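Spelled out from the first residue to the last, the chains are:
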Amino acid sequence: MFSPREREYLRLLAEPPVRGLELGLAFPNPVYRRKLSWGIRRKVVEALPDWELYAAAAERSARIRVVVPPSGPETVPVYTDPFISVVRAMRSALGRKPTAPSSPPGPRDEV
């Protein structure tokens, strides 16, 4: 979704503030930094409805979720997907509410 330069920019922004000083060295031009930020925001806003739809479908159907094997003999298997985590974080950051209610796993959710 992001270009290699946008990924590098985001990686530098995501690092602790001490390492964040490298942002000015890697991207010294403030106009270019604003252009990168604008492009990233535009891509995220355009993709957000698709990711929300994916997250809503993943919450209702196990067919598109990744199964994480249990770590021990007595643990219950957990369904997880990195995209769902990202979309949930984006929803909470943007103040959006889930579009579909989650249903408890049942026979129709089995693969």
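Everything quoted here is computed from the prediction, not taken from an experiment.

**Focus on the overall build of the protein chain**
Line of reasoning, step 1. When helices and strands are counted, the protein chain shows five helices and two strands.
Line of reasoning, step 2. Ordered by position from the N terminus, the helices and strands of the protein chain form the series α-α-α-α-β-β-α.
Line of reasoning, step 3. When each of the 111 residues of the protein chain is scored for burial, the buried share is 24%.
Line of reasoning, step 4. If you take every contact in the protein chain between residues at least 6 apart in sequence, the share linking residues at least 24 apart comes to 57%.
Line of reasoning, step 5. If you sum the accessible surface of the protein chain, you get close to 8100 Å²; carbon and sulfur atoms cover 65% of it.

**Observations regarding helix 1 (residues 4-14)**
Line of reasoning, step 1. Turning to helix 1, its buried residues are Glu6, Tyr9 and Leu12. End-on, the buried residues of helix 1 take up no more than an arc of 125°, which puts them together on one face. Exposed and oriented more than 90 degrees from the buried face of helix 1 are Pro4 and Ala14.

**Re the nonpolar core**
Line of reasoning, step 1. Judged by nonpolar contacts, Phe2, Tyr9, Leu12, Leu23, Phe27, Leu36 and Ile40 together constitute the single largest core of seven residues.
Line of reasoning, step 2. Setting aside residues no more than four positions away along its own chain, Ile40 makes contact with Phe2, Glu6, Tyr9 and Leu10.

**A look at the environment of Trp51**
Line of reasoning, step 1. For Trp51, the location among the structural elements is in helix 4 (residues 30-60).
Line of reasoning, step 2. In this structure the C-alpha to C-alpha distance between Trp51 and Val86, which are 35 residues apart in sequence, comes to 8.9 Å.

**Some points on helix 4**
Line of reasoning, step 1. Here helix 4 is 31 residues long and its end C-alpha atoms lie 44 Å apart, about the 45 Å a rise of 1.5 Å per residue gives.
Line of reasoning, step 2. By the largest-angle criterion, Leu48 marks the main kink of helix 4, which is about 40°, and a proline, Pro49, follows within four residues.
Line of reasoning, step 3. All buried positions along helix 4 are accounted for by Leu36, Ser37, Gly39, Ile40, Ala47, Leu48, Glu52, Ala55, Ala56, Ala58 and Glu59.
Line of reasoning, step 4. With a side-chain oxygen lying 2.9 Å from the backbone nitrogen of Val31, the N-terminal cap of helix 4 falls on Asn29.

**Topic: the confidence of the model for the protein chain**
Line of reasoning, step 1. Confidence in the prediction of the protein chain, expressed as mean pLDDT, is 76, and 65% of residues score 70 or more.
Line of reasoning, step 2. The least confident element of the protein chain is strand 2 (residues 78-80), whose mean pLDDT is 57; the most confident is helix 4, at 91.

**Thoughts on the packing of aromatic side chains**
Line of reasoning, step 1. What the rule picks out here adds up to three aromatic pairs.
Line of reasoning, step 2. Their ring planes at 90° and their centres at 6.0 Å tell us that Trp51 and Tyr54 sit as a pair that is edge-to-face. You can see Trp51 and its partner Tyr54 sitting in helix 4, three residues apart, about one turn around the helix.
Line of reasoning, step 3. What makes Trp51 partly exposed here is its relative accessible area of 25%.
Line of reasoning, step 4. Residue Tyr54 is classed as partly exposed on the basis of its relative accessible area of 22%.
Line of reasoning, step 5. Within the aromatic cluster, the residues linked to one another by ring pairs are Tyr9, Phe27 and Tyr32.

Criteria and thresholds
- Residues numbered from 1 in each chain as written.
- Predicted model: local features only at pLDDT ≥ 70, side-chain atom pairs only at ≥ 80, totals over all residues.
- Heavy atoms only, no water.
- Helix = DSSP H or I, 4+ residues; strand = E, 2+ residues; numbered from the N terminus.
- Buried < 20%, exposed > 50% of the residue type's maximum accessible area, 1.4 Å probe, protein only.
- Contact = heavy atoms within 4.5 Å.
- Areas by Shrake-Rupley, 256 points an atom, 1.4 Å probe, with all protein chains shown as cover.
- Arc of directions from axis to C-beta.
- Core = buried A, V, L, I, M, F, W, Y, C linked by side-chain atoms within 4.5 Å.
- Expected span 1.5 Å × (residues − 1).
- Bend = angle between axes of the 7 residues up to and from the residue.
- Polar contact = N/O pair within 3.5 Å; in protein donor to acceptor, adjacent residues only side chain to side chain.
- pLDDT = per-residue confidence, 0-100.
- Phe/Tyr/Trp six-rings, centres within 6.5 Å; stacked < 30°, edge-to-face > 60°.

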